Amino acid sequence: MSRKEEEHSVLIEESPVNVLLIYPEFPDTFWSFKYALRFIRKRAFAPPLGLLTVAAMLPKKWEKRLVDLNVAKLTDKDLAWADVAFISGMTIQRDSAREIIARCKDVGLKIVAGGPMFTTEPDAFDEVDHLVLNEAEITLPLFLEDLANGCPKRVYTTTEFADIRRSPMPLWELVNMRRYASMIIQFSRGCPFNCEFCSVTEMFGHRTRLKSTDQIIAELDGMYAQGWRGPVFSGDDNLIGSKRYLKEELLPGLIRWRRDKEGVQFATEVSINLADDPELIQLMVDAGFTTVFIGIETPDQDSLAECGKNLNTDRDLVADVKTIQRAGLQVQGGFIVGFDSDTPAIFQRQIDFIQRSGIVTAMVGLLQAIPGTRLYERLSKEGRLRDAVTGDNADGTTNVVSRMNFETLQEGYRRIMRTIYSPRIHYARIQIFLREYKLQKNRTHLDVQHILAFFRSIYHLGVKSRGRLQYWKLLVWAAFRRPKAFPLAVTLAIYGYHFRKSFG
Ligand code: B12
Ligand code: SF4
């Protein structure tokens, strides 16, 4: 047997293989919700769905363990137990992934890696033994087959998109649900639109691929059977890419499923044209959706045209957001500054827009050019790229050589963040939102930790923090004017605390 064959023999053997599925740690970011999660004593937002899905595709007789570094430590014992490590991750988890890879190598563990970061920058990880890239539904069986035949290659990749109706049910049993604030599923992948800066269509295609309703119900049943009664985030690129299927199949299916269930509510990502379809919004609300994230990007028409976000042009975007809020969905928004068409006036316009729309959770970032996007190609031709992207589009960095003076852009960006999350503006925005928002019946699932979170917020926001007076004003206002939305007002106030802390 050659040395190479020997190296792989441990994986080919008929005896069970111990697979350690490792998810790297997120740094402290907008979406980490680190400071907010402490209030409800949770360690992370959601478990790594990619790894749980991959785990379900591995041979049944293989032993599997998940170590999500966002909720647990990777111990030497874990590494000693394992025969092979399967690592996933987004670009933002790069540093932690590198540390994990080094530790695996130190103890001689074979490494198989996949997921968004490895797919976008496969050349950056020489130490990885096998890069199983793109969607594992296509590439993993090829790797497993070659492995069984004793000839696994280093890189597996594809230009095809998987039929996700064949994706297996994620292995929920590997997850300690108590450590997470939310569970996660994925109804669909892909988006029909073509925004210049967006990497979604490059990675997941323009055709919306949906799981079947039965498949989704089975996933939810699995989660529910394991005791989950809280929020469920659906990691869609744009859930409403196929409206007919949603209206005729998925949403009626979810409505039926939720009839005898407690507590489960959904959040997802959609495009602004949801506002044009009151029937669809109502069905989503009836199916248990409470929150949608929408890429608004900018109120500037020229910048929208520049980035090809045609679906957002020539609309009254504030009115659209309010239509969705009035129908019963909270809108979170993504915003970008640094387009070629932007002038220094954009900073105040973004602040005004965010405030008027009552988008309490607004993720604002500098325009970044992600490899593989049309923007990256254009700027590369124009010689306007520098550095590598950090992977966090809300950290105030960019690899784009901007048309606007860079110091002006950075200072303007900081001003937006400082302003919209200052206690006075943020608490006022919560009120603007709650005045519009149609709260659904029985929507709020409160457990002991949520009640304790309220008392913790009194200490941290009402006693210790700057802005305590505004915090008390918000509580009094909510208690008298929107009593049923009181818990939501507290939750949103806690989010603001996280955004202030993580923005520094
Ligand atoms: C849900 C989600 C989130 C959740 C994360 C929940 C969690 N568990 O932590 C939240 C909302 C917190 C989030 C935040 C962010 N996200 Co996000 N997110 C998604 C989304 C919409 C779905 C991810 C998902 O669960 N998919 C379902 C699973 C089944 O798919 P998957 O993870 O890709 O796994 C498949 C393959 O990749 C592969 N695979 C995955 N892992 C492995 C491992 C091995 C060993 C193998 C063989 C295969 C394999 O097989 C799986 C099955 O096909 C994706 C877009 C998308 N459509 O995937 C973006 C996406 C992952 N996010 C992205 C980004 C940039 C971010 C943010 C930095 C900011 C932002 N733009 O939102 C933050 C960073 C997070 C943080 N904490 O700071 C990018 C990542 C790009 C990159 N190169 O890293 C994506 C791809 C969207 C995009 N194109 O812009 N996100
Ligand atoms: S609508 Fe959103 S997901 Fe679709 S291409 Fe544009 S930015 Fe990407």
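Residues numbered from 1 in each chain as written. Chains lettered and ligands numbered in written order. Predicted model: local features only at pLDDT ≥ 70, side-chain atom pairs only at ≥ 80, totals over all residues. Heavy atoms only, no water.

**Student:** Help me understand the overall build of the protein chain, please; the structure alone is not making it clear to me.
**Tutor:** Each helix and strand in the protein chain was counted, giving 20 helices and 14 strands. For the protein chain, the C-alpha radius of gyration of 23 Å lies close to 23 Å, the compact-globule estimate for 504 residues. C-alpha extents for the protein chain along the principal axes are approximately 75 × 55 × 50 Å. Here the protein chain, with 504 residues, has 57% of them falling under the buried criterion. Sequence-distant contacts, at least 24 apart, represent 77% of the contacts inside the protein chain between residues at least 6 apart. Total accessible area computed for the protein chain in this model is approximately 22,100 Å², and 51% of it derives from carbon and sulfur atoms. (Helix = DSSP H or I, 4+ residues; strand = E, 2+ residues; numbered from the N terminus. Rg over C-alpha atoms; globule rule 2.2 N^0.38 Å. Buried < 20%, exposed > 50% of the residue type's maximum accessible area, 1.4 Å probe, protein only. Contact = heavy atoms within 4.5 Å. Areas by Shrake-Rupley, 256 points an atom, 1.4 Å probe, with all protein chains shown as cover.)

**Student:** Please clarify how the nonpolar core should be interpreted in this entry.
**Tutor:** Considering soluble globular proteins, one finds that nonpolar side chains tend to be buried as a cluster. Formed by 132 residues in total, the largest nonpolar core has its most connected members in Phe86, Leu140, Leu254, Leu274, Met284 and Phe289. Once you skip the residues sitting within four places of it in the chain, Phe86 turns out to touch Val19, Leu20, Leu21, Ile22, Leu51, Val54, Leu58, Val112, Leu140 and Phe143. (Core = buried A, V, L, I, M, F, W, Y, C linked by side-chain atoms within 4.5 Å.)

**Student:** What is the right way to read the site of ligand 2 from this model?
**Tutor:** Contacts to ligand 2 come from Cys191, Phe193, Asn194, Cys195, Phe197, Cys198, Asp237 and Lys309. Looking at the shell around ligand 2 residue by residue, the classes come out as five nonpolar, one polar and two charged. (Near = heavy atom within 4 Å. Nonpolar A, V, L, I, M, F, W, Y, C, P; charged D, E, K, R; others polar.)

**Student:** Just to check I follow, could you spell out the pairing of strand β12 (residues 289-297) for this structure?
**Tutor:** Regular strands place their side chains on alternate faces of the sheet. Most of β12 sits inside the fold, with nine of its nine residues counted as buried. The sheet contact formed by strand β11 (residues 265-270) and β12 spans five bridges and is parallel. Paired with Phe266 across the bridge in β12 is Phe289. The handedness of the β11 to β12 crossover, carried by helix α11 (residues 278-286), is right-handed. (Pairing = 2+ DSSP bridges. Right-handed = clockwise from strand over helix to strand, strands pointing away.)

**Student:** Would you mind going over the site of ligand 1 with me for this structure?
**Tutor:** The environment of ligand 1 is made up of 43 residues, and the closest members are Thr29, Ser88, Glu137, Ser199 and Asp237. Side-chain polar atom of Trp31 to an oxygen atom of ligand 1: 3.4 Å apart, as the coordinates give it. One of the side-chain nitrogen or oxygen atoms of Ser199 is found 2.7 Å away from a nitrogen atom of ligand 1. Those elements that provide at least two residues to the shell around ligand 1 are α3 (49-57), β3 (84-87), β4 (110-113), α6 (116-120), α7 (136-148) and α8 (200-204). If one sorts the elements of the shell around ligand 1 by residue count, α3 sits on top with five residues. (Polar contact = N/O pair within 3.5 Å; in protein donor to acceptor, adjacent residues only side chain to side chain.)

**Student:** What's the story with the sheet that holds β12 in this structure? I'm lost.
**Tutor:** Sheet strands associate in pairs through backbone hydrogen bonding, adopting either a parallel or an antiparallel arrangement. With parallel pairing, six strands are arranged side by side in an open sheet as β7-β10-β11-β12-β13-β14. Pairing within the sheet leaves two strands with one partner each, and these edge strands are β7 (183-185) and β14 (362-366). For this sheet, the mean inter-axis angle between neighbouring strands, taken without regard to orientation, is 20 degrees. Note: β12 against strand β13 (residues 330-337), six bridges, orientation parallel. Note that in β13 the partner of Phe293 across the bridge is Gln332. Strands β12, β13 and β14 of the sheet are contacted by helix α14 (residues 346-357), whose axis makes an angle of about 180 degrees with β13. (Axes fitted to C-alpha atoms, helices over the stretch in contact; angles between N-to-C directions.)

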